[in-house]
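Below, each chain spelled out in residue letters.
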Amino acid sequence: MVSIQKRFYSLSLLDSLIVLCSFYSTLLLVFPISQVFTTSLLVVASALVISHYIFAHKYNLYKRAWEFASTGEMILIVKAVTYSVLTAALLQFIMIQEIYLRLFVFIWMMQFFLISGSRFSWRILRDKQKEKKRLRDKRTLIIGAGSAGTLLARQLNQSSECDLKPVAFVDDDKQKQYLDILCIPVVGGIDSLQQIVVQHKIESIIIAIPSLNKIELNRIYGECKKTNVKTQMLPMIEDLVTGKVSVNDIQDVEVDDLLGRKPINLDIQSIESMVTNRVVLITGAGGSIGSEICRQVIQFSPSTIVLLGHGENSIYSIEKELKSLAEGDIKLITEIADIKDRDRMFSIMNIYNPGVVFHAAAHKHVPLMEKNPAEAVHNNIFGTKNVAEAASSAGVETFVMISTDKAVNPTSVMGATKRVAEMVIQELNNESITRFVAVRFGNVLGSRGSVIPLFKEQVKKGGPVTVTHPEMQRYFMTIPEASKLVLQAAALATGGEIFVLDMGKPVKILDLAKNLIKLSGLTENEIEIQFTGIRPGEKLYEELLNEYEIQNEQIHPKIYVGSSIEVHTEEILNNIHELSSVNGEGLRELLLSITNPVQEDENEKVNRTVLV
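Residues numbered from 1 in each chain as written. Predicted model: local features only at pLDDT ≥ 70, side-chain atom pairs only at ≥ 80, totals over all residues. Heavy atoms only, no water.

Student: Got a minute to help me understand the overall build of the protein chain in this structure?
Tutor: Along the protein chain, the regular secondary structure elements total 21 helices and 22 strands. Per-residue burial over the protein chain gives 51% buried out of 612 residues. Long-range pairs, those at least 24 residues apart, make up 77% of the contacts in the protein chain between residues at least 6 apart in sequence. Per element, the accessible surface of the protein chain, about 29,300 Å² overall, is 54% carbon and sulfur. (Helix = DSSP H or I, 4+ residues; strand = E, 2+ residues; numbered from the N terminus. Buried < 20%, exposed > 50% of the residue type's maximum accessible area, 1.4 Å probe, protein only. Contact = heavy atoms within 4.5 Å. Areas by Shrake-Rupley, 256 points an atom, 1.4 Å probe, with all protein chains shown as cover.)

Student: Honestly, the packing of aromatic side chains in this entry has me stumped. Any pointers?
Tutor: Aromatic rings considered in pairs are described by the distance between their centres and by the relative angle of their planes. Summed over the entire model, instances satisfying the criterion amount to 5 aromatic pairs. A ring pair is formed by F23 and Y24, whose centres lie 5.0 Å apart and whose planes are at 85 degrees; its orientation type is edge-to-face. For the ring pair F55 and Y83, a centre distance of 5.4 Å and an interplane angle of 40 degrees mean the geometry is tilted. Taken together, the positions of F55 in helix 2 (residues 39–58) and Y83 in helix 3 (residues 71–96) put the pair 28 residues apart, joining distant regions of the chain. Exposure remark for F55: the relative accessible area of 18% places this residue in the buried category. (Phe/Tyr/Trp six-rings, centres within 6.5 Å; stacked < 30°, edge-to-face > 60°.)

Student: Before we go on, may I ask you to explain the environment of L91 in this structure?
Tutor: Residue placement: L91 occurs in helix 3. Looking at L91, the relative accessible area reads 25%, which means it is partly exposed. Expressed as a C-alpha distance, the spacing of L91 and S40, which sit 51 residues apart in the sequence, is 9.8 Å.

Student: I'm lost on the packing of helix 12 (residues 342–352) against helix 14 (residues 373–393) in this one. Help?
Tutor: For any two helices packed against each other, one specifies the inter-axial angle together with the distance between the axes. Where helix 12 meets helix 14, the closest approach of the two axes is 9 Å, and the angle between their N-to-C directions is 35 degrees. In the crossing of helix 12 with helix 14, the sense of the turn from one axis to the other is right-handed. For the pair helix 12 and helix 14, contact is made by R342, M345, F346 and M349 and by K385, N386, V387, E389, A390, A391 and S393, respectively. Its residues assigned to classes, the contact of helix 12 with helix 14 comprises 6 nonpolar, 2 polar and 3 charged. (Axes fitted to C-alpha atoms, helices over the stretch in contact; angles between N-to-C directions. Left-handed = near helix turned anticlockwise from the far one by under 90°. Nonpolar A, V, L, I, M, F, W, Y, C, P; charged D, E, K, R; others polar.)

Student: Even after reading the chapter, I still don't get the pairing of strand 2 (residues 164–170), so can you show me in this structure?
Tutor: The two faces of the sheet receive side chains in turn, since in a regular strand these alternate between them. Across the 7 residues that make up strand 2, a large majority, 6, are buried. With 6 bridges connecting them, strand 1 (residues 138–143) and strand 2 associate as parallel partners. Bridge pairing in strand 2 links R139 to K165. (Pairing = 2+ DSSP bridges.)

Student: Can you help me understand helix 9 (residues 268–275) in this one?
Tutor: Counting along an α-helix, one turn takes 3.6 residues, and residues three or four places apart therefore face a common direction. Of the positions making up helix 9, those classed as buried are S270, I271, M274 and V275. When helix 9 is viewed along its axis, its buried side chains cluster within an angular range of 120 degrees and face the same direction. Set apart from the buried face of helix 9 by more than 90 degrees, the exposed residues are Q269 and S273. The secondary structure elements touched by the buried residues of helix 9 are strand 8 (279–283), helix 10 (288–298), strand 11 (356–359) and helix 17 (479–492). One or two residues past the end of helix 9 sits N277, with phi positive at roughly 60 degrees. (Arc of directions from axis to C-beta.)

Student: Honestly, unusual backbone geometry in this entry has me stumped. Any pointers?
Tutor: One can expect most non-glycine residues to show negative phi and most peptide bonds to be in trans. Backbone geometry at L182 places phi at a positive 55 degrees, although glycine is not the residue there. With respect to the secondary-structure elements, L182 resides in the loop between strand 3 (180–181) and strand 4 (184–185). A residue is classified by how much of its surface remains accessible, and L182, at 32% relative accessible area, is partly exposed.

Student: Hey, could you run me through the packing of helix 15 (residues 413–431) against helix 20 (residues 585–595) in this one?
Tutor: Interaxial distance between helix 15 and helix 20 falls to 9 Å at its minimum, and their mutual angle equals 50 degrees. In terms of orientation, helix 15 lies oblique with respect to helix 20. Judged by the twist between their axes, the crossing of helix 15 over helix 20 is left-handed. In contact with V413, A416, T417, R419, V420 and M423 of helix 15, helix 20 contributes R588, L591, L592, I594 and T595. Of the residues contributing to the contact of helix 15 with helix 20, the split by class is 7 nonpolar, 2 polar and 2 charged. (Parallel < 35°, antiparallel > 145°, perpendicular 65-115°, else oblique.)

Student: Help me understand helix 3, please; the structure alone is not making it clear to me.
Tutor: Along its 26 residues, helix 3 runs 38 Å from first to last C-alpha, staying within 8% of the 38 Å computed at 1.5 Å per residue. Among all positions of helix 3, only E73, L76, I77, A80, V81, S84, V85, A88, A89 and Q92 are buried. Of the residues trailing helix 3, Q97 is marked for its positive phi of about 50 degrees. (Expected span 1.5 Å × (residues − 1).)

Student: What exactly am I supposed to notice about the nonpolar core here?
Tutor: Among soluble globular proteins, nonpolar side chains are generally buried collectively. M345, M349, F399 and L591 are the most contacted members of the largest nonpolar core, which totals 45 residues. Leaving out residues up to four positions away in the same chain, F399 has contacts with V357, H359, V387, A388, A391, I425, T434, R435, F436 and V437. Within the second largest apolar cluster, 40 residues are counted, among which are V297, M477, L485 and A493. (Core = buried A, V, L, I, M, F, W, Y, C linked by side-chain atoms within 4.5 Å.)

Student: I would appreciate a short explanation of a nonpolar patch on the surface in the present structure.
Tutor: There is a patch of nonpolar side chains on the surface, built from L90, F93, I94, I99, L101, V105, F106, M109 and F113 and spanning about 890 Å² of accessible area. Those elements that provide at least two residues to the nonpolar patch are helix 3 and helix 4 (101–133). Top contributing element to the nonpolar patch by residue count: helix 4, with 5 residues. With respect to the helices and strands, I94 occurs in helix 3. (Patch = residues over 30% accessible without salt bridge, like charges linked within 9 Å, V, L, I, M, F, W, Y side chains within 5 Å. Salt bridge = Lys/Arg side-chain N within 4 Å of Asp/Glu carboxyl O.)

Student: How should I be thinking about the confidence of the model for the protein chain in this particular structure?
Tutor: Atom-level detail of predicted coordinates should not be read off regions where pLDDT is low. Residues at a pLDDT of 70 or more form 77% of the protein chain, whose mean pLDDT is 79. Here residues 599–612 is a poorly scored stretch, pLDDT under 50, and it has 30 contacts once near neighbours within four places are set aside; other chains count. (pLDDT = per-residue confidence, 0-100.)

Student: Looking at this model, I keep getting lost on the pairing of strand 18 (residues 498–501). Mind explaining?
Tutor: With burial as the criterion, each face of strand 18 is covered, one bearing I498 and V500 and the other bearing F499 and L501. Pairing analysis gives 3 bridges linking strand 13 (residues 435–441) to strand 18, with the strands arranged parallel. Within strand 18, the residue paired with A438 across the bridge is I498.

Written out as structure tokens, the structure is:
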């Protein structure tokens, strides 16, 4: 409070001196007379000072932080000076029925320049001091000279905590090129990025176009990558404006930002008719896919969500998260249960009588299931059979099984068990009033079994980053993308289909590793990439449909549907059940023979036409 009062008295005294100095010096310049302290002139001078105080208070000129002054403060000074001069001129007219127009014009000019100069000198002094302190800051190039880029540049200049100094903009808009924004030049377009980085000695690049789609982001990042300069992204402009994040929260570009797919448009009405005010049960609700399905489902206001899972900690975590998202009277029910417990599955289905079941519980780790085929069989096949038959018995309307591209011509125990599980629900679909469908997709970024967390951990430790084979390719999708499309597929189901999500183009794992190293601000010279060889059960390439399932039908821009194949699984399951007590090669061979009735060599599988 004392400092505010001191500031007020200091500025008031300064303004009094400026106003009186402006008045009398202008008077002597315009009317060089000796009598300057006449009664009428003293009254006009007093009116000028008093009216300036009144209008300065009106526009809060004594409460402004002038070290951050900008055009807004300049306009307020113009208003205060203009109205105070007009008041003095009006008083003179009342006293002598005459206005010395030239006198008041010169008074206005001198008063404005002296007051604004005294205030903005604080800003200039602050900027000079900051400039000296920031000589060692990283020279930063901002891609995007729009509102987001301008806001970023302003905040970077004002931030005392950030070590980034904006020195140039890049923008493809020809009308902005070679102009200055906030005294920072727009030096060209994306195509000349490499030359600009060298010419301006750029040490950091920030992409400041929040509205970019992933295809455009991928193109821009491709150009940034050629410069060997660390590249980051601006958070959402809404988060910056609302203060949720600051410029210090500039994000690294993540691998899933570069997948290059357009946003997913859902048929909201069909999903609402399936989910809204209904009971939805999700198995594996604590897993990566299961928990994201929960997050998507809750947005459509079901009456109840039953969270079924084997791991108590993960179920507790997703329940707590969903409580913060739930609106209205949505019930969240947790059931810690093992899908291999058949009686428990039937009991749960009969108690809650769900309308929709999303079956996401499964063992998905390929090398581990190679070592434990019996467990894969019990969980992925018989566990699925338990849940599916319980759903059928309870009269569930729609049952959606989360499958995998590894179920196509499988070479692994995990893929084979998921294919047999697809057969189980396809046969059940022919016998039940429940609509049974499978949704098949590839790897999801960020899931517990994804290669991305492993690569990040390896980079963090200084390498090496391990890749099984230089030609290894996989389909990738983000968890939210996959989960949204699972809901869409469920809403479009008629029964018996194997839906295949459009995964985009396959990505080389080697390219993924290189991108992660680059995104971490390092080079391949600093982080070694080692090739470890293909692991048991792995294929170089994954497929989404086999040749018997392929058809041209596309029921959604992002969803294909494969042809249903008539299967009789009872004999298959009996054979597997007899062998499942033997945790060895015999069980593995039986699984692969069942799911690959016509044996082909690896090259033939790789070259087969697949749906992408």
